[in-house]
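Okay, here's what each chain looks like letter by letter:
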Amino acid sequence: MLQNVRVPYYDKWRKIKMLSVDEARQRMLNTIPVLSTEKRGILNCAGYVLAEAVSAPEHIPPFDNSAMDGFAVRAVDVKAATEENPTVLSVVETIAAGHAPTKQVLSGQAARIMTGAMMPEGADAVVMQEVTELFSRDSVKIFENVSENQNVRFAGESVKAGEEVMPPGKLLRAPEISMLASLNCAEVIVHRKPTVAIVSTGDELTPLGERLEPGKIRDSNRYGLYAQVEEAGGVPIDMGIAPDDEAETERIFRDALAKADALITSGGVSVGEHDVVKSVLAKLGEINFWRVAMKPGKPQAYGIADGKPIFGLPGNPVSSLVVFELFVRPALLKMAGHTHLLRPTFKAVLAESVKNRDGRVNYMRAILTEQDGHYTAKTTGPQGSGILHSLVLANGLITIPAGAKLAAGATVDAQFLD
């Protein structure tokens, strides 16, 4: 009589196709939703992404004005002015910023003018104050000539009325917010920032402040992921630690999804047969368990539940943080309306020989330095996925192809982490 033979879980795991980083990331990004929009006042929209184009309702600046303190003149009147033979002009008025001129500048005349003040009719240039001398109440000596239009800022020089100033997808920083104010735009339509629930999993984890019992480790991933979500422009929600209990883990995960736009878990997505995370994730929605051809971070889970992305990250701290950087960060940026999702990559020269004996691409932690436009990369030492200090020392990642043996002086792809 034949007996049922249970297939070991690791055999099932090995049958899952190994995906490249680019393939896995693109599969994920193809399903990531862009969040809805909201109207926000410009004092409360720094770090948000525009959802609609912004156009100028008027010229900026709205009128021709002086670029400096000095005297508005007709350039032809001072073309012969020198230090030895100054030109003398009569001063018809003083124009302060915020006040319109009242007189026209005629031949042989000048108007004293302050930075930003409206140019008077008839004047076509400004002589800076440092090369002038008032020698009576209504006369000025000009010691230097100017060309027509010199030191004048023209209406519409920055932005013309009707011109698109910012496209959809533009990240709002201090310059953009200042420009919005210049455009008399008090409110804008932006994409919401994603709220992201973060859950650590496993009975082995000990919260901060508690005694570390034998066999236990500190829960570090949740805090690192919280910071990464903030750095990516998301709003993190700390959901604590889920124990190795299926019912309680399911309750925490469902509660997290009810509160957030996305869920990140760490731990429980590897080969272990008794991890409850995989079975709970499978209940929540359409979840795929991936083997990605990368080191660190081969085991991952990704899927959608109730229209919300779920990212199952590895439990090793370096793996968790690196997978976030390469997968979760671009996903959160897309949710927030960004159009540029990946960090720039560039070439760096190795300062030491490097070997990658694995059949997967290795994202090594490195110290990247720049001199005269050229970058040098040096690894941060031992690169184990549990050696968190390798990331603490690093300011970037370098990409070492599968099976590569690279000598010092070889060129590799690199990217900064900040």
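Calculation rules
- Residues numbered from 1 in each chain as written.
- Predicted model: local features only at pLDDT ≥ 70, side-chain atom pairs only at ≥ 80, totals over all residues.
- Heavy atoms only, no water.
- Buried < 20%, exposed > 50% of the residue type's maximum accessible area, 1.4 Å probe, protein only.
- Helix = DSSP H or I, 4+ residues; strand = E, 2+ residues; numbered from the N terminus.
- Arc of directions from axis to C-beta.
- Contact = heavy atoms within 4.5 Å.
- Salt bridge = Lys/Arg side-chain N within 4 Å of Asp/Glu carboxyl O.

Peer 1: How do you make sense of helix α2 (residues 21-29) when you look at a structure like this?
Peer 2: Residue pairs three or four apart in sequence face the same way in an α-helix, which turns once every 3.6 residues. Taken residue by residue, α2 has Val21, Ala24, Arg25, Met28 and Leu29 as its buried positions. An end-on view of α2 places all buried positions within 130° of arc, on one side of the element.

Peer 1: Which parts of the structure should I look at to understand the environment of Tyr363?
Peer 2: Note on placement: Tyr363 falls in strand β26 (residues 361-371). The buried category is assigned to Tyr363, whose relative accessible area is 9%. The spacing of Tyr363 and Leu406 is 43 residues in sequence and 14 Å in space, taken between C-alpha atoms. Not counting chain neighbours up to four residues away, the residues in contact with Tyr363 comprise Val21, Met294, Lys295, Pro296, Val322, Leu326, Leu397, Ile398 and Thr399.

Peer 1: What is the right way to read the side chain of His338 from this model?
Peer 2: Among the secondary structure elements, His338 is positioned in the loop between α7 (317-335) and β24 (346-350). A residue is classified by how much of its surface remains accessible, and His338, at 17% relative accessible area, is buried. When neighbours within four sequence positions are excluded, His338 is seen to be in contact with Val49, Leu171 and Leu333.

Peer 1: Which parts of the structure should I look at to understand the pattern of salt bridges?
Peer 2: On inspection of all chains with the given rule, the structure shows 18 salt bridges. A salt bridge links Lys378 to Glu352; the shortest N-O distance between them is 3.9 Å. In this pair, Lys378 sits in strand β27 (residues 374-379) while Glu352 sits in the loop between β24 and β25 (354-355), placing the two residues 26 residues apart along the sequence. In this structure, the salt-bridge partner of Asp358 is Arg360, at a minimum N-O distance of 2.9 Å. For Asp358, a relative accessible area of 22% translates into the label partly exposed. Overall, Arg360 belongs to the buried group, its relative accessible area being 14%.

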